[in-house]
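An overview of the molecular structure
As a plain string of letters, each chain reads:
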Amino acid sequence: MTSDISLDNSLTIESEDFDVPDLSDDSDSFKRSENNLFDSDSLESSDESNLIDSDNDNENTIDSYDSNDMNIGSHSKKSLSSADDSRKINSNDLIILSNSKSSNSVLSSPELVVIEDAGHYGDSANTIIQGIIDKARAGSTIQFAGSSYENIYLRISKPLNIISKSGTVINNIFNIPVFTIEYGGSGTNISGFTVNTSGSFVDARDVSEISISKNRISTKRTAIVLNEVYDSIIGDNVFLRFDTAIDISNSGGVSISKNNITPENSYNTGINIKSIVSKKGISILNNNIIGFDSKKMCTGIFFGKDASNVYLKGNVIRKWYTAIEMPYSVNNVSMYNNTITNNGDGIIINGWINNFTFKKNLVNNNARVGILFDDNFKGTKGKLDLENNYFSYNGVLDLQNKGDNAVSIGKNFAKNKCSRVGMKYGFKIRSRQSGGKYYFSVVDKYGNAISDLPNFSAKLTVNGKSYAVTFIDGKAYINGVGGKGGSNTYLDVGEDNRDLNQWGQFEEIDSDEMSYYEEIFNQLAGIAPQGDDFDGSDDYSDEYNNESGSGSGSGSGDSGLSNGANSINANGVLSGSSGLAGSPSVASSPSANPSSSPSSAEDAASIKTLSVDEETFRVVGVAGLVLLIILVIGLYYREDILEMMEEE
């Protein structure tokens, strides 16, 4: 195959070259109106001036296609699963170039088709490239080799691996998706593009197992539209300009992960979720969802009608007017390990809540309310599990309820809440001190150690000098503190500032015992002890403003404490999870099960110290162990001993 590809010398694909799923049973439901699909030939030949005015997005525009009005025959998940899943392409597979026909399966001879630079095709680039795609075998790789293309809008109706290895730029003035993945396009991958468009980047409907990854997207409308999409991934993309970054409806088994959703303007929505009834649900994992201006109307994640079975974990949501808005009743929504900070409102809840879990989240520095049960909040049905969260520095209240029914929640760090939000009790903190070393553990009102908490920062003040303290899973250790603790020693946790005795139990311990606690913390955190002087400022909200993720270490982004994985570098490129400035790294790997036990490092340390942190018991030496053995033997043989005594 020569490097010059045209319709005349491109690979010839005939219908008998590959298997086509039998759709005879679905022929009625699969009918599509030609009026609702754009035609590339007619659009190419039309007068561009009559289609769109690139300087004005709202005027003098005749939209040949609108993703919201597209009428494509709907298919059930059952019909999707009946398609030939063997055609799914793996980008890591070896792709060979073949001009010969094959009677084997479609993946027996996949092709590598190189799309030349746009200048190679002249004014007919879109028509020619569409023709190449139409003739390519299912499962082939379509590689865009050119640096840029103008006004590309392509239909995909077979599984293809559509890639650019050079960040190919696509500029499109039309309100038409750059890629429309139609029924039959299940298994398609689109990766590596930089897109500036007036319409959507990808519009996918009636498909499964698609992947959209590693793209940089700027659009005036919705960047990615998913409708009736199943078992698919939207990951590692950067969204820079949009009306809505991702709009998803009537779908299930979709993972939205490790994206940077960072608009260059306001009046927009990060992720819009609606009509999710599939039990597979939607997972939104480890994304940076960072708005432009929290004083202007915009929403990080919007729950539309019938948004059920949604799982959020490890996301950083900042700088939105509302971080998460739930204006309608929701079912089966779970949120773990999210950092919701520096927004106008954290979460606004209306309607009924049926099975809602909100645990181990960091909710702070929001201008108005951390969580607001708003005027139209009706109450709860099923389970409401709202506990082990950290609320602080939310302008009006941490939790407020304006609805018809009072709310009862579990244990949280939440100093400021209204009376109609009943909380079982807050947490206490137990302190231990040995010389310049301090160890803190969060405990309940009975003195039992608490884990499964978000990581958060606190401030220790000893004799007028302040030190930053980082709690990791309910534990903190600091070394190099000058002065002895006591009445002049205070721990400031959020808006709650108390001396150590008021927080709970304070005790002085010897250096050997402190070494046990030091090892527990270091194995849990994977760090060396810290002890840097605090900056002296009472308002340390800037610790949560590190959007570049410059914190050191190798963390996974648990509640914003990490090395900056999923964060945005100076060029706006995904580089890992959001970090917490000035905080130690966290060598953690969150389990797929959100309710899993503490990390293995902590478990190992706890076993080694005989659960010393749980205050169950301590090893008191060989004598104590011998005494324990004697007592056990005595209890076990007590009846025999009594009988022997009676005989005597």
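Residues numbered from 1 in each chain as written. Predicted model: local features only at pLDDT ≥ 70, side-chain atom pairs only at ≥ 80, totals over all residues. Heavy atoms only, no water.

A short note on the side chain of Asn175
For Asn175, the location among the structural elements is in the loop between β6 (169-172) and β7 (179-181). Here the side chain of Asn175 touches Arg221 through a polar contact of 3.4 Å, side chain to side chain. (Helix = DSSP H or I, 4+ residues; strand = E, 2+ residues; numbered from the N terminus. Polar contact = N/O pair within 3.5 Å; in protein donor to acceptor, adjacent residues only side chain to side chain.)

Structural notes on the sheet that holds strand β35 (residues 428-434)
Strand order in the open sheet formed by four strands is β39-β36-β35-β42, with mixed pairing between adjacent strands. The sheet is open, and its two edges are formed by β39 (475-478) and β42 (506-508), each paired on a single side. Pairs of neighbouring strands in the sheet enclose a mean axial angle of 15 degrees, with direction left out of account. (Pairing = 2+ DSSP bridges. Axes fitted to C-alpha atoms, helices over the stretch in contact; angles between N-to-C directions.)

Examining the pairing of strand β17 (residues 254-257)
The two faces of β17 match: Val254 and Ile256 on one face and Ser255 and Ser257 on the other face are all buried. Pairing between strand β14 (residues 233-235) and β17: three bridges, direction parallel. Counterpart to Ile234 in the pairing with β17 is Ile256. Where β17 and strand β20 (residues 282-285) come together, four bridges link them in parallel fashion. Residue Ser257 lies in a different strand from β20, and its bridge partner there is Leu285. (Buried < 20%, exposed > 50% of the residue type's maximum accessible area, 1.4 Å probe, protein only.)

Brief notes about the packing of aromatic side chains
Enumeration over the complete set of coordinates arrives at 17 aromatic pairs. Geometrically, the ring pair formed by Tyr438 and Phe440 is stacked, given 6.1 Å between the ring centres and 15 degrees between the ring planes. The burial state of Tyr438 is the same as that of Phe440; both residues are buried. Put simply, the rings of Tyr390, Phe413, Phe427, Tyr438, Phe440, Phe456 and Phe471 pair up and form one aromatic cluster. The lysine or arginine in question, Lys381, covers the ring of Trp352, its NZ or CZ lying 4.6 Å from the ring centre. (Phe/Tyr/Trp six-rings, centres within 6.5 Å; stacked < 30°, edge-to-face > 60°. Lys NZ or Arg CZ within 6 Å of the ring centre and 35° of its normal.)

Focus on unusual backbone geometry
Phi at Asn342 is positive, roughly 60 degrees, even though this residue is not glycine. Note on placement: Asn342 falls in the loop between β27 (339-341) and β28 (345-359). The phi torsion at Asp473 lies on the positive side, around 55 degrees, for a residue other than glycine. Tracing the chain through its elements places Asp473 in the loop between β38 (465-471) and β39. The class for Asp473 is buried, based on a relative accessible area of 9%.

Focus: the sheet that holds strand β9 (residues 194-197)
Taken together, the 11 strands give an open sheet; going across it, the order is β3-β6-β9-β12-β15-β18-β21-β24-β27-β29-β31, and neighbouring strands pair in parallel fashion. In this open sheet, the two strands that pair with only one neighbour each are β3 (148-150) and β31 (390-392). Pairing geometry for strand β29 (residues 362-364) and β31, over three bridges, is parallel. Counted as the bridge partner of Leu362 is Tyr390 from β31.

With respect to the pairing of strand β2 (residues 141-144)
Burial of β2 is two-sided: the residues Thr141 and Gln143 facing one way and the residues Ile142 and Phe144 facing the other way are all buried. For strand β1 (residues 112-115) and β2, the ladder comprises four bridges, and the chain directions are parallel. Note on β2: the bridge partner recorded for Val114 is Gln143. The parallel pair β1 and β2, bridged by helix α3 (residues 125-135), forms a crossover whose chirality is right-handed. As paired strands, β2 and strand β5 (residues 161-163) are joined by three bridges and run parallel to one another. (Right-handed = clockwise from strand over helix to strand, strands pointing away.)

Structural notes on the environment of Ile276
By the element assignment, Ile276 lies in the loop between β19 (269-274) and β20. When the C-alpha atoms of Ile276 and Ala307 are compared, they prove to be 4.9 Å apart, with 31 residues separating the residues in sequence.

Some details on the nonpolar core
The biggest cluster of nonpolar side chains holds 86 residues, and the ones touching the most others in it are Phe179, Phe201, Phe303 and Ile324. Membership of the second largest hydrophobic core comes to 25 residues, among which are Tyr438, Phe456, Tyr467 and Val469. (Core = buried A, V, L, I, M, F, W, Y, C linked by side-chain atoms within 4.5 Å.)

A look at the pattern of salt bridges
With the rule as written, the count across this model stands at 13 salt bridges. The closest approach of N and O atoms between Asp345 and Arg368, which form a salt bridge, is 2.9 Å. With Asp345 in strand β28 and Arg368 in the loop between β29 and β30 (369-387), this residue pair connects regions lying 23 residues apart in the sequence. A salt bridge links Lys360 to Asp452; its shortest N-O distance comes to 3.9 Å. Of this pair, Lys360 sits in the loop between β28 and β29 while Asp452 sits in the loop between β36 (437-443) and β37 (456-462), and the two are 92 residues apart along the sequence. Both residues of the pair, Lys360 and Asp452, count as buried. Each member of the salt-bridge network shares a partner with another, and the members are Lys359, Glu387 and Lys411. (Salt bridge = Lys/Arg side-chain N within 4 Å of Asp/Glu carboxyl O.)

Some remarks on the confidence of the model for the chain
For the chain, the mean per-residue pLDDT works out to 74, and 64% of the residues sit at or above 70. Overall, residues 1-109 carries pLDDT values under 50, and its contacts beyond four positions in sequence, including any with other chains, amount to 176 contacts. (pLDDT = per-residue confidence, 0-100. Contact = heavy atoms within 4.5 Å.)

So, the environment of Asn151
Take Asn151: it is sitting in the loop between β3 and β4 (154-156). Using a relative accessible area of 12% as the deciding quantity, one classes Asn151 as buried. Separated by 22 residues in the primary sequence, Asn151 and Ile173 place their C-alpha atoms 6.3 Å from one another. Looking at Asn151, its side chain comes within polar contact range of the main-chain nitrogen of Ile173, at 3.0 Å.

Considerations on the side chain of Arg205
Topologically, Arg205 is positioned in strand β10 (residues 202-208). Residue classification places Arg205 among the buried residues on the basis of a relative accessible area of 10%.

Some points on the environment of Ala118
With respect to the helices and strands, Ala118 occurs in the loop between β1 and α3. Here Ala118 falls in the buried class, since its relative accessible area comes to 16%.

Considerations on α3
With eight of 11 residues buried, α3 is to be regarded as a mostly interior element. Taken together, the buried positions of α3 are Ala125, Asn126, Ile128, Ile129, Gln130, Gly131, Ile132 and Ile133.

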